[in-house]
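What follows is the residue order along each chain.
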Amino acid sequence: MHVENATHRSDVPPSIDVAGHMRELGRALLPAFVVALIVGAAVFYVRSELTDKEYSASVVTEVKPSQTLVAGDAFIEQMRGPFMQLATDTDVLNQALGQVDTDLTSSELADELTLTPGTSPALLTFTVTADSPELALELAQSLVSTVAQASRANDARDTQGQVEQVQASVAAAEAKVGTLAADDPARTTATAELANLQGQLSSLQSAGGDQLVVLASPEQSTDPVAPKPLSEALVAALAALIIAAELIVLLRGRFGSKPNRSWARRAAKKNGARFELGLADFLPPILVAKIDALQREGEETSSNARHSANKRDSVIVVLVGEDAAYVPPPTYASAARPKRSAVVTMGLTDEWWRAVDVAAVDTVVVLLSKGGHDRKEAGRTLKRIAEFDRPAYMLLQSKSRKRPEAQSTAPRNTEVESNAG
């Protein structure tokens, strides 16, 4: 038996059928929607009834600089930066907690604290979240005052060394002036240097660092900021809808023994076959047209003996699976049909390649029913067809309530149309 070289299409990964996948998702939408409703309701109940509510309070502060700042982002961040760093310092947090009756730790307070720059470069908003609006406000106010005190203490520590240095320079300059005579020309210069040092000392002693002051304490809302049961439930339901739909399509296409659209579409795509949905007793119109073309071809070759001797007749092999129904189209029930074999009908597991010349096979049709249990056998058959490199159709019928009478009179593994010529 001559067999054409196979291209092994089953070894080539199938391309992604986006349109088909979207159709399968649409068919899985109803059960997925039920799952989404259950998940959304569960999330709403847990977040609204079983989750502790959190409240927030905010205090708006203003940074008063000790000197004129040059406009620019770097200077703005340089002004707010020290206070933002102090607000996350463990010692500062512990000091703030010591002024409030709470069981929070410094790390927990740091997690509940949010620092937000204001619309003005000098504004900085402290927002604290707690179990009650009152506790949140107390923590925010305590933290602001503690940060301001820590900033002043740091500024005093940093300037103390500079003050001591300048004081020593002032004392040396005073001693120098005291040793010079009143009419000494150098006394004027020494006096000017002393006045300059005294001015620096006065500036250091009077000047402080940037200060943090409370600008406003907005009215605190009594509504919890977390959880948000409705929005969280909607997000969870949407995620569950998508995941459930994808899982349903995956399970339908990969598990079970009954053929279904998800599996049939994937199996056909994988093995290079064309997937079609069929009625209970007819082939798709495209295959009916193909059979009609073969019939006409047979009629022409039968009328010309010379061509008939050199031309091989083509056939369509229909492999009927479990619970599937196949009745030839009514067109070929008339006595005027050509006397040649155009359609060969066999069982799904029959060795069709031994009964016909594979090279003469025009098309192989795998006819399945949703009521059957022959998914694995159909997969192996499609793979075999792909190895023979024959055009193939995967035809999936809806589960028939009653097997057509013609099916029982046409036994499988026999040619439906006899070849009398």
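Note that the coordinates shown come from a computational prediction; the quantities given were computed from them, not determined experimentally.

Caption draft 1: Spatial organisation of the side chain of Ser142. Residue placement: Ser142 occurs in helix H6 (residues 133–179). Relative accessible area serves as the criterion here: at 6%, Ser142 is assigned to the buried category. Polar side-chain contacts of Ser142 include one of 3.4 Å to the side chain of Gln99.

Caption draft 2: Molecular detail of the packing of helix H9 (residues 261–270) against helix H13 (residues 375–387). Between H9 and H13, the shortest axis-to-axis distance is 10 Å and the interhelical angle comes to 20 degrees. Of the possible angle classes, the one that applies to H9 and H13 is roughly parallel. Between H9 and H13 lies a crossing of right-handed hand. Facing Trp263, Ala267 and Ala268 of H9, the residues of H13 in contact are Arg375, Ala378, Gly379 and Leu382.

Caption draft 3: Local environment of the side chain of Thr125. Of note, Thr125 is situated in strand E3 (residues 123–130). Overall, the relative accessible area of 16% leaves Thr125 in the buried class. Excluding anything up to four places from it in sequence, Thr125 contacts Ser58, Val59, Val60, Thr114, Leu115 and Thr116.

Caption draft 4: Summary view of the nonpolar core. Core analysis: the largest hydrophobic core is formed by 29 residues, its most contacted members being Phe126, Leu139, Leu143, Val147 and Leu212. Every element with two or more residues in this core is listed here: strand E1 (55–64), helix H3 (73–86), helix H4 (90–98), E3 and H6. Here the element with the most residues in this core is H6; it accounts for 9 residues. If sequence neighbours within four positions are ignored, Leu139 has contacts with Leu97, Val100, Thr102, Leu104, Leu109, Val128 and Ala130. Of all hydrophobic cores here, the second largest spans 27 residues; its members include Val317, Leu348, Trp353 and Val356.

Caption draft 5: Structural detail: the pairing of E3. For E3, a buried count of 8 out of 8 residues is recorded, marking the element as mostly surrounded by other parts of the structure. As defined by bridge partners, E1 adjoins E3 across 8 bridges and the pair is classed as antiparallel. Within the sheet, the bridge partner assigned to Thr61 lies in E3 and is Leu124. What sits between strand E2 (residues 113–117) and E3 in their antiparallel hairpin is a turn of 5 residues.

Caption draft 6: Structural context of the sheet that holds E3. The strand order across the open sheet formed by 4 strands is E2-E3-E1-E4, and the pairing between neighbours is antiparallel. At either margin of the open sheet sits one strand with a lone partner, and together these are E2 and strand E4 (211–216). The sheet shows a mean angle of 30 degrees between the axes of neighbouring strands, direction not considered.

Parameters and conventions
- Residues numbered from 1 in each chain as written.
- Predicted model: local features only at pLDDT ≥ 70, side-chain atom pairs only at ≥ 80, totals over all residues.
- Heavy atoms only, no water.
- Helix = DSSP H or I, 4+ residues; strand = E, 2+ residues; numbered from the N terminus.
- Buried < 20%, exposed > 50% of the residue type's maximum accessible area, 1.4 Å probe, protein only.
- Polar contact = N/O pair within 3.5 Å; in protein donor to acceptor, adjacent residues only side chain to side chain.
- Axes fitted to C-alpha atoms, helices over the stretch in contact; angles between N-to-C directions.
- Parallel < 35°, antiparallel > 145°, perpendicular 65-115°, else oblique.
- Left-handed = near helix turned anticlockwise from the far one by under 90°.
- Contact = heavy atoms within 4.5 Å.
- Core = buried A, V, L, I, M, F, W, Y, C linked by side-chain atoms within 4.5 Å.
- Pairing = 2+ DSSP bridges.

Purely geometric stuff here, so don't read any function into it on its own.
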